[in-house]
Amino acid sequence: MGGFYGAAATRMPPLLGPDRELLIVLLATEPVGFLDLDTDRETSDGIDLTYFVVPGHRRRGVGLAALRALVAGRPDRRFVAAVRPDNVASLALARAAGFTQTGSDEWGDLVLVHRGLPSSASGGPSHL
Ligand SMILES: CC(C)(COP(=O)(O)OP(=O)(O)OC[C@H]1O[C@@H](n2cnc3c(N)ncnc32)[C@H](O)[C@@H]1OP(=O)(O)O)[C@@H](O)C(=O)NCCC(=O)NCCS
């Protein structure tokens, strides 16, 4: 994937434990992003989530499709994203995916939570 996050995604797998999942987003067979789930940092708000799409594939719906697949595949889970207030793209993506802002954390990041899907709305990919 290149860049800082690409290097991070390449080096992270050996470090992953049972409390950490790195889901690679594939477009056909090309890795174009990832979702990083840190269940070790799961709070009552949900599983700590970070997401990334490579610059050349942004604004094409990849991030939204990935987040929708994630929440549809795990409708009983909650997810929480801490986003810098100036990260317009991340805030807009999270809101488009159904996250709502609940406050801010001690670092001044905005906290957005997805509270899961109603059971009638599930049925998405089961492999996520
Ligand atoms: C945030 C990020 C994952 C978005 O991924 P993406 O694939 O470009 O997002 P999408 O194309 O699915 O966008 C979905 C919606 O989010 C909003 N959005 C996405 N990028 C936006 C931007 N730069 N400005 C304003 N709105 C934006 C739009 O509403 C968009 O829908 P639209 O294109 O139909 O208007 C990507 O910009 C990224 O990897 N950024 C760097 C890493 C990062 O900041 N991660 C978040 C850490 S908390």
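Criteria and thresholds
Counting starts from 1 at the beginning of each chain's written sequence and moves along it residue by residue. Where local features are concerned, this predicted model is filtered to residues with pLDDT of at least 70; where side-chain atom pairs are given and counted, the filter is 80 or more; whole-chain, interface and lining totals use all residues. To get the side-chain values, all heavy atoms of the structure are used, and hydrogens and water are removed first. Numbering of helices and strands starts at the N terminus; helices are DSSP runs of H or I of at least 4 residues and strands are runs of E of at least 2. Radius of gyration means the value over C-alpha atoms here, while the globule rule gives 2.2 Å times the residue count to the 0.38 power. The classification of residues rests on relative accessible area computed with a 1.4 Å probe and restricted to protein chains. Under 20% of the type maximum is buried, over 50% is exposed, and intermediate values are partly exposed. Note on definitions: a residue-residue contact is assigned when non-hydrogen atoms from the two residues lie within 4.5 Å. Each accessible area is a Shrake-Rupley result for a 1.4 Å probe, and residues are judged covered by the shown protein chains and nothing else. In this tally, Lys and Arg are treated as positive and Asp and Glu as negative; His is ignored, and so are the chain termini. In this description, the location of a charge corresponds to atom NZ of lysine, CZ of arginine, CG of aspartate or CD of glutamate. The set of buried Ala, Val, Leu, Ile, Met, Phe, Trp, Tyr and Cys residues whose side-chain atoms join them within 4.5 Å is what this entry labels a nonpolar core. Distance thresholds for patches are 9 Å for like charges and 5 Å for nonpolar side chains (Val, Leu, Ile, Met, Phe, Trp, Tyr), applied to residues having over 30% relative accessible area and no salt bridge. Throughout this description, the term salt bridge denotes a Lys or Arg side-chain nitrogen within 4 Å of a carboxyl oxygen of Asp or Glu. Paired strands, as defined in this entry, are two strands with at least two bridges between them according to DSSP. A crossover counts as right-handed when, viewed with the strands pointing away from the observer, the path leading from the first strand over the helix to the second turns clockwise. Taken from the helix axis, the directions to the C-beta atoms give the arc we talk about.

Peer 1: Summarise the overall build of the protein; cite the residues concerned and give the values.
Peer 2: In terms of regular secondary structure, the protein is built from three helices and six strands. In sequence order, the protein lays out its α and β elements as α-β-β-β-α-β-α-β-β. Its C-alpha atoms give the protein a radius of gyration of 14 Å, within 12% of the compact-globule value 14 Å for 128 residues. Overall, the protein is about 35 × 35 × 30 Å in size when its C-alpha atoms are taken along their principal axes. For the protein, buried positions account for 39% of its 128 residues. Long-range pairs, those at least 24 residues apart, make up 49% of the contacts in the protein with a sequence separation of at least 6. Summed over all atoms, the accessible surface of the protein reaches about 7500 Å², with 53% contributed by carbon and sulfur. Charge-centre separation for the protein: the mean point of 13 positive side chains lies 8 Å from the mean point of 14 negative side chains.

Peer 1: Tell me about the nonpolar core, residues and numbers included.
Peer 2: By size, the foremost hydrophobic cluster in this structure holds 30 residues, and its most contacted members are Leu35, Leu37, Leu49, Tyr51, Leu67, Phe79 and Phe99. Taken together, the elements giving at least two residues each to this core come down to β1 (20-27), β2 (30-43), β3 (46-53), α2 (62-73), β4 (79-83), α3 (88-96) and β6 (110-114). Those residues in contact with tyrosine 51, other than ones at most four positions away along the chain, are Phe34, Leu35, Leu67, Ala81, Val83, Ser90, Leu93 and Ala94.

Peer 1: Hey, could you go over the side chain of aspartate 38 for me, with residue numbers and the actual values?
Peer 2: Within the element layout of this structure, aspartate 38 appears in strand β2. Assessed through its relative accessible area of 8%, aspartate 38 is described here as buried. Discounting residues that sit within four places of it in the chain, aspartate 38 has contacts with Asp19, Arg20, Ile47 and Asp48.

Peer 1: Requested: an account of a nonpolar patch on the surface, with residues and values cited.
Peer 2: On the surface, a cluster of nonpolar side chains totalling about 250 Å² of accessible area is made up of Met1, Ile24 and Leu26. By the secondary structure assignment, leucine 26 is in strand β1.

Peer 1: Now, about the pairing of β3: what can you tell me, with residues and values included?
Peer 2: Taking burial as the measure, the eight residues of β3 include seven buried ones, the bulk of the element. Linkage of β2 to β3, two consecutive antiparallel strands, is achieved through a turn of two residues. Following the chain from β3 across α2 to the adjacent parallel β4, one finds a crossover that is right-handed.

Peer 1: Could you give an account of α3, with specific residues and numbers?
Peer 2: What α3 keeps buried is the set Ser90, Leu91, Leu93 and Ala94. Buried residues of α3 fall within an arc of 165 degrees about the axis and therefore sit on the same side. Seen from the open side of α3, the exposed residues pointing more than 90 degrees away from its buried face are Val88 and Ala89. Where α3 is buried, its residues contact β3, α2, β4 and β6. Positive backbone phi, approximately 100 degrees, marks glycine 98, located one or two places after α3.

Peer 1: Go over the pattern of salt bridges, please, and point to the residues and values.
Peer 2: Taken as a whole and assessed by the stated rule, the structure comprises four salt bridges. Aspartate 36 is paired through a salt bridge with arginine 20; the nearest N and O atoms lie 2.6 Å apart. One end of the pair, aspartate 36, is in strand β2; the other, arginine 20, is in strand β1, and 16 residues separate them in sequence. When its relative accessible area of 7% is taken as the criterion, aspartate 36 is described as buried.

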